[in-house]
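# Examining the three-dimensional arrangement
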Amino acid sequence: MKIRNAAICIVLLTLPALSQTTEKIEPLKLGSPAPDFELVGVDGKEHRLQDFDSSKILAVIFTCNHCPTAQAYEERIKQLVTDYQDQGVAVVAISPSDPKAVRLNELGYTDLSDSFEENKIRAKDHKFNFPYLYDGDKQVVSKAYGPRATPHIFIFDNERKLQYEGGFDDSEKLDKVKTHYVREAIDALLAGKPAPNNHTPTPGCSIKWSYKRDSVQKWLDEEAQKEVGLTSIEPDEVKKLFKNDTDKIRLINIWATWCGECRLEFPDLVTIHRMYGHRDFELIGLSVDDPRMKSDVLEFLQKQQAAFRNHIINTTDKRKIVEATNGEFMGAIPLTLIILPGGEIAFKNLGAINPLETKRAIVKNLGRTY
């Protein structure tokens, strides 16, 4: 990977005390030449700066999958490509974040993190009409450009000198936008004029630089220390759980320690809890093990670090459980349901969950999805 110029956004990054290392990432100054890059895209091809030599204007956009602000701008980026592609304007997006530097609780508004494989899924599902390149492993290119947040846009003129850097416009909410920074800059440059606003704020999620991996591990260690409990629950109380008279989205997983599929899917449930547990969401595990096996069930939950709400149903009479669940449970497990406030079942899965499908159902019902 080649870099012609390394400079960008003033951000002082101090690694955790153990490393005693300070990394300084500076902003690319206006008028600077575009740093070279050679990065793989979701199309499986290598993309280079020189690939865009025939374009009058080049917009390099740093974005990612997990950030709700970045998600909000995807359709606007697609429309930008469509509106300017016949005017000699090229758009390329780069994903800068290290997926190993993202805490699970930073993924509360998404079904995907920022790995290359997840980039492929996002690009396909949302029909990206622009190259989407990956720089999450080494971040050399990203450090050369120095984005502050996602999304952050850098616009270069025909000589590939930086003429604009900042946000896409002045509001994440499309109906609130008053100033279209990027479009105004492109229109001005196409007309041979300077960008009217060449340095603007960049609201969004911070870049997940690799130095943050240490903080992720610290967070995981803290999660591992959380108390894991298990309480007995009567069938009548199960019926109340299914009514869901709270204001939260409720995921109920009915399982047992003797069920192989249940055991295999449990790490995914723990991940889901860690992703969405800080929002209006709760995960409840309902064990249908023999109540006399309570200590064994608790031991399994502790090994799984399942620090969410866990119950063991205090009956061996499956008919009572069927009645308590309004017939949703008919004996087969694992069974996973998403229950909305008021008791409406929004999602039901018999058998081991598909993690992505389940996350999508959660995000959809929690709201703010793009």
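Preceding block: the structure.
Thresholds, definitions, all that
Residues numbered from 1 in each chain as written. Predicted model: local features only at pLDDT ≥ 70, side-chain atom pairs only at ≥ 80, totals over all residues. Heavy atoms only, no water. Helix = DSSP H or I, 4+ residues; strand = E, 2+ residues; numbered from the N terminus. Polar contact = N/O pair within 3.5 Å; in protein donor to acceptor, adjacent residues only side chain to side chain. Contact = heavy atoms within 4.5 Å. Axes fitted to C-alpha atoms, helices over the stretch in contact; angles between N-to-C directions. Parallel < 35°, antiparallel > 145°, perpendicular 65-115°, else oblique. Left-handed = near helix turned anticlockwise from the far one by under 90°. Nonpolar A, V, L, I, M, F, W, Y, C, P; charged D, E, K, R; others polar. 1 Å grid on protein atoms, 1.4 Å probe; cavity = no way out; pocket = protein on both sides within 12 Å on 5 of 7 lines; lining within 4 Å. Points joined across faces, edges and corners; volume = space filled by probe spheres on them. Pairing = 2+ DSSP bridges. Phe/Tyr/Trp six-rings, centres within 6.5 Å; stacked < 30°, edge-to-face > 60°. Buried < 20%, exposed > 50% of the residue type's maximum accessible area, 1.4 Å probe, protein only. Salt bridge = Lys/Arg side-chain N within 4 Å of Asp/Glu carboxyl O.

This part covers the side chain of asparagine 244. Assignment of secondary structure puts asparagine 244 in the loop between helix H7 (235–243) and strand E13 (249–255). Within the local environment of asparagine 244, its side chain forms a polar contact with the backbone oxygen of lysine 248, the two atoms lying 3.0 Å apart. Within polar-contact distance, the side chain of asparagine 244 engages the backbone oxygen of leucine 340 at 3.1 Å. In this structure, asparagine 244 is in contact with Arg250, Ile339, Leu340, Pro341, Gly342 and Gly343, ignoring residues within four places of it in sequence.

The subject of this paragraph is the packing of helix H2 (residues 74–84) against helix H5 (residues 181–190). Packing of H2 against H5 leaves a shortest axis separation of 12 Å and a crossing angle of 20 degrees. By the criterion of interaxial angle, the relationship of H2 to H5 is roughly parallel. Handedness of the H2/H5 crossing: right-handed. Residues Gln79, Leu80, Asp83 and Tyr84 of H2 touch H5, and the partners they reach there are Val182, Arg183, Ile186, Asp187 and Leu190. Looking at side-chain class alone, the contact of H2 with H5 contains five nonpolar, one polar and three charged residues.

With that out of the way, let us pick up empty space enclosed by the protein. One pass over the structure, following the stated rule, counts one cavity of 30 Å³ or more. In this structure, the largest cavity occupies an estimated 30 Å³ of space. Taken together, Tyr73, Pro151, Gly167, Phe168, Asp169 and Pro203 form the lining of the largest cavity. Across the lining of the largest cavity, the residue classes break down as four nonpolar, one polar and one charged.

On to the sheet that holds strand E7 (residues 132–134). Strands sit in the order E7-E6-E5-E9-E10 across an open sheet of five strands; the sheet is mixed. Looking along the sheet, the strands with just one partner apiece sit at the ends: E7 and strand E10 (162–166). Geometrically, the sheet is characterised by an average inter-axis angle of 20 degrees between neighbouring strands, direction not taken into account. When strand E5 (residues 57–62) meets strand E9 (residues 152–156), the two strands line up antiparallel, connected through five bridges. When the bridges of E9 are listed, leucine 58 appears paired with phenylalanine 156.

With five bridges connecting them, strand E16 (residues 335–339) and strand E17 (residues 345–350) associate as antiparallel partners. In the sheet register, leucine 335 faces E17, and the bridge partner there is leucine 350. In this structure, the hairpin formed by E16 and E17 is closed by a connection of five residues, where glycine 342 is found at a positive phi of approximately 100 degrees.

Turning to the packing of aromatic side chains, a few remarks are in order. A complete count under the given rule lists 14 aromatic pairs for this structure. Judged by centre distance (5.3 Å) and plane angle (70 degrees), the ring pair of phenylalanine 128 and tyrosine 132 falls under edge-to-face. Of the two residues, phenylalanine 128 and tyrosine 132, both sit in the buried class. Between phenylalanine 266 and phenylalanine 300, the ring centres sit 5.3 Å apart and the planes meet at 80 degrees, which makes this aromatic pair edge-to-face.

What the six strands build is an open sheet, ordered E12-E15-E14-E13-E16-E17; its pairing is mixed. Taken across any chain shown, the strands that pair with only one partner, and hence form the sheet edges, are strand E12 (231–233) and E17. Taken over all neighbouring pairs, the strand axes of this sheet differ in orientation by 25 degrees on average, direction set aside. Here E13 runs beside strand E14 (residues 281–287); their pairing, made up of seven bridges, is parallel. Counted as the bridge partner of arginine 250 is glutamate 282 from E14. Docked against the sheet, helix H11 (residues 355–366) engages E13, E14, E16 and E17, running at close to 170 degrees with respect to E17.

Tallied over the full model, the rule gives 19 salt bridges. Measuring nitrogen to oxygen at the nearest pair gives 2.9 Å for the salt bridge that ties arginine 122 to glutamate 74. Linking arginine 122 in helix H3 (residues 116–125) with glutamate 74 in helix H2, this pair joins segments that are 48 residues apart in sequence. The two residues arginine 122 and glutamate 74 agree in class, both being buried. With a closest N to O distance of 3.3 Å, lysine 120 and glutamate 117 form a salt bridge. Here glutamate 117 and lysine 120 lie together in helix H3, a separation of three residues that amounts to about one turn. Note on lysine 120: relative accessible area 31%, which makes it partly exposed.

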